[in-house]
Amino acid sequence: MAIRALFREFFASKFARRALLVGLIATFLLCGIQLRRWTWEKTRHVRFQHDIVNGFYWGSQSVEEGRRLSADDNSAGSWAAFFRGYFALYDEVKREAYENDYRLDYPPLRLLVISIWAKEVRTEFPGVDDGHPHYVGVLLKANLLCELISAIAIFFLVRFWLRRTTGEMTAQFSRIFPPEHRAWICGLAAAAVVWLEPSMILDAHGWPQWDVWIVPFYLFAVLAALKNRWLVCGCLLATGAMFKGQLLLVAPFFVLWPLWQKRWTCALRMLAGFAATTAFLVSPWLLRNSTAWISVAIVAGVSSLFLLRRGSPHPEAWIAGIVACAAFLVGAFDGGSFAWFQIGFVYGSEHYPYLFISSCYNLPLLLSNLGWSLKDVFWSTQFGSLHFAITLQWTLRLLYLSTLALCARGAARHMRNRDPRLLIAIAMPWLLMFALLGQMHERYLVWGAVVSAVALGVSIRLSMIHFIISAASTAMIVHVMLTDRKIESTLRAIDVLRSARPYASALVLVCVAVYLWNMLSNRIPIFQARLKSSKISSLSLGPASEQAAADGVL
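First, a word on what this report is: a plain description of the structure on this page.

### Notes on the overall build of the protein
Then comes step 1: Of regular secondary structure, the protein possesses 25 helices and 2 strands.
Then comes step 2: For the protein, the proportion of its 554 residues judged to be buried stands at 48%.
Then comes step 3: Nonlocal contacts in the protein, meaning residues at least 24 apart in sequence, comprise 77% of its contacts between residues at least 6 apart.
Then comes step 4: Split by element, the accessible area of the protein, about 27,300 Å² in all, is 65% carbon and sulfur.

Right, here's the structure in full:
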């Protein structure tokens with residue numbers, strides 16, 4: 001009893017609670033950093049070196065292209081020469097490619113970061129000729145920063161939305177806490193889970209890859225959408241896509257979401273922000289001469305003057321959209337280059353014509369086991385002299401887009417009802433993308449594993465499913481890393497993971513189906529059910545009303 005009283009007295013102090021919270025956050029932060037260091041050191045013998053070497057090669061190509069275009073040797077190492085090479089690399093790769101096999105599939109911002117890294121490495125170590133792991137430290141720090149920002153974004157996202165819901169609608173386990181603290185406690189729990197997410201740590205510090213770079217952009221885009229800042233949402237999505245093109249696969253969710261709410265202007269504002277940011281980032285390729293720049297500047301000035309004087313609603317969105325369209329049109333008709341799009345985005349979607357890559361726990365793997373391939377004709381018909389055929393690849397894409405539309409509808413409904421299941425809706429695009437689409441790499445479930453941590457703000461059951469998805473994502477990455485090196489001590493583990501693929505695929509599909517079913521179910525939120533029952537009781541003159549009155553007296 002004395003110990004319990006001591007704890008009650010301790011937690012009654014606001015200073016003590018804050019000190020405990022700060023200490024807990026600091027502990028999690030340091031443990032996460034140490035875990036990442038440990039992962040980097042312990043995966044030395046199974047590290048997937050191909051991506052490091054490939055990144056260093058293409059970054060070096062930007063540097064070499066800049067040297068080749070320099071007028072003299074003195075300026076060859078300058079930043080001006082570097083950017084000349086960076087902006088010229090896409091065209092050079094396209095010109096030198098044999099049968100459109102570019103080998104380079106980096107979007108512009110990813111290529112920029114990799115090129116800066118290669119330049120710094122070559123400046124510090126002039127004799128280096130490959131991407132030795134000792135020179136990857138700066139990229140690992142970039143991964144660490146993105147992981148930290150992702151955890152912070154998850155905290156703000158969960159806390160913001162749970163504050164908009166009622167206390168009865170939060171996760172069952174959070175009811176042990178006072179209502180005024182539930183939102184930030186669930187947010188901290190989700191942030192801690194993301195910060196210690198094993199598949200993300202292994203992908204970013206064991207593989208290592210750079211998939212985590214787009215996670216903060218997606219999470220803050222969701223937060224911007226929830227705050228009705230759709231122009232900012234589009235800007236964030238476009239910027240993220242310039243680091244990793246897979247973000248474009250889930251971007252339609254942000255168009256369909258406001259359309260289900262019949263908020264057409266929100267969808268247009270999102271598209272305007274997306275188009276304007278894209279045009280701004282690729283303008284060095286689109287606008288190749290001063291005439292093109294002056295033309296776009298004139299369009300921007302005239303449209304701004306007209307719309308601001310007229311007092312049009314959302315003038316910033318209109319201006320952004322008009323200027324973006326002008327930039328793309330001027331680039332198309334005035335000799336601008338679109339090699340950045342063909343190499344950075346289109347080529348990546350055609351580079352691997354297989355149902356799945358390496359070891360994937362998804363529907364395409366099960367279909368492959370049944371003898372299907374990506375280009376098999378799934379359905380065909382004849383209209384006169386015209387023959388239409390839909391391959392399995394397009395069938396899976398249509399299935400994915402259909403489920404994505406359902407997710408957007410669920411998000412619109414849950415936003416209207418202030419239902420916490422909205423958090424599940426925003427995680428579904430990443431899960432459905434991996435579960436249904438072909439040509440997926442095993443690493444791509446890491447995005448779903450990270451974002452699905454928002455389930456900690458919804459229910460215990462859905463939180464448990466998140467950990468199953470996290471374990472599956474980790475297992476796939478481990479399988480590929482072990483298979484690449486095939487150390488004798490790991491051969492047994494490789495065989496186990498290979499034989500478990502069909503069962504793990506079925507398990508992942510069941511988990512995604514449970515999330516989808518829970519999100520689409522039409523159960524009445526608790527606070528609405530109580531509101532309806534109270535109205536019925538107040539209006540009823542029958543026995544129910546008398547019973548309610550008796551209960552009230554008792």
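### A closer look at the layout of surface pockets
Then comes step 1: Taken as a whole, the largest pocket holds about 1,200 Å³ of empty space.
Then comes step 2: Around the largest pocket, the lining is made up of 41 residues, and of these Gln246, Gly348, Ser349, Gln439 and Tyr444 lie nearest the centre.
Then comes step 3: Sort the elements by how many residues they give to the lining of the largest pocket and helix H16 (residues 339-350) lands first, with 6 residues.
Then comes step 4: A class-by-class count of the residues in the lining of the largest pocket yields 19 nonpolar, 14 polar and 8 charged.

### Digging into the pattern of salt bridges
Then comes step 1: What the rule picks out here adds up to 10 salt bridges.
Then comes step 2: Notably, a salt bridge pairs Arg36 with Glu147, separated by 3.1 Å at the nearest N-O pair. Of this pair, Arg36 sits in helix H2 (residues 14-42) while Glu147 is found in helix H6 (residues 137-164), placing the two residues 111 residues apart along the sequence.
Then comes step 3: By relative accessible area, Arg36 is classed as buried at 3%.
Then comes step 4: With its nearest N and O atoms 2.5 Å apart, the salt bridge here joins Arg288 to Asp91.

### Section: the environment of Arg163
Then comes step 1: Along the chain, Arg163 falls in helix H6.
Then comes step 2: When its relative accessible area of 56% is taken as the criterion, Arg163 is described as exposed.
Then comes step 3: Remark: the alpha-carbon pair of Arg163 and His181, spanning 18 residues in sequence, is separated by 9.6 Å.

### Considerations on unusual backbone geometry
Then comes step 1: Following Trp207, the chain continues into Pro208 via a peptide bond in cis, with omega recorded as -15°.
Then comes step 2: If you trace the backbone, Pro208 turns up in the loop between helix H8 (198-205) and helix H9 (215-226).
Then comes step 3: Positioned with a positive phi, Asn100 is a non-glycine residue whose angle comes to about 60°.
Then comes step 4: Looking at the element boundaries, Asn100 is found in the loop between helix H4 (79-96) and helix H5 (108-124).

Criteria and cut-off values
Residues numbered from 1 in each chain as written. Predicted model: local features only at pLDDT ≥ 70, side-chain atom pairs only at ≥ 80, totals over all residues. Heavy atoms only, no water. Helix = DSSP H or I, 4+ residues; strand = E, 2+ residues; numbered from the N terminus. Buried < 20%, exposed > 50% of the residue type's maximum accessible area, 1.4 Å probe, protein only. Contact = heavy atoms within 4.5 Å. Areas by Shrake-Rupley, 256 points an atom, 1.4 Å probe, with all protein chains shown as cover. 1 Å grid on protein atoms, 1.4 Å probe; cavity = no way out; pocket = protein on both sides within 12 Å on 5 of 7 lines; lining within 4 Å. Points joined across faces, edges and corners; volume = space filled by probe spheres on them. Nonpolar A, V, L, I, M, F, W, Y, C, P; charged D, E, K, R; others polar. Salt bridge = Lys/Arg side-chain N within 4 Å of Asp/Glu carboxyl O.

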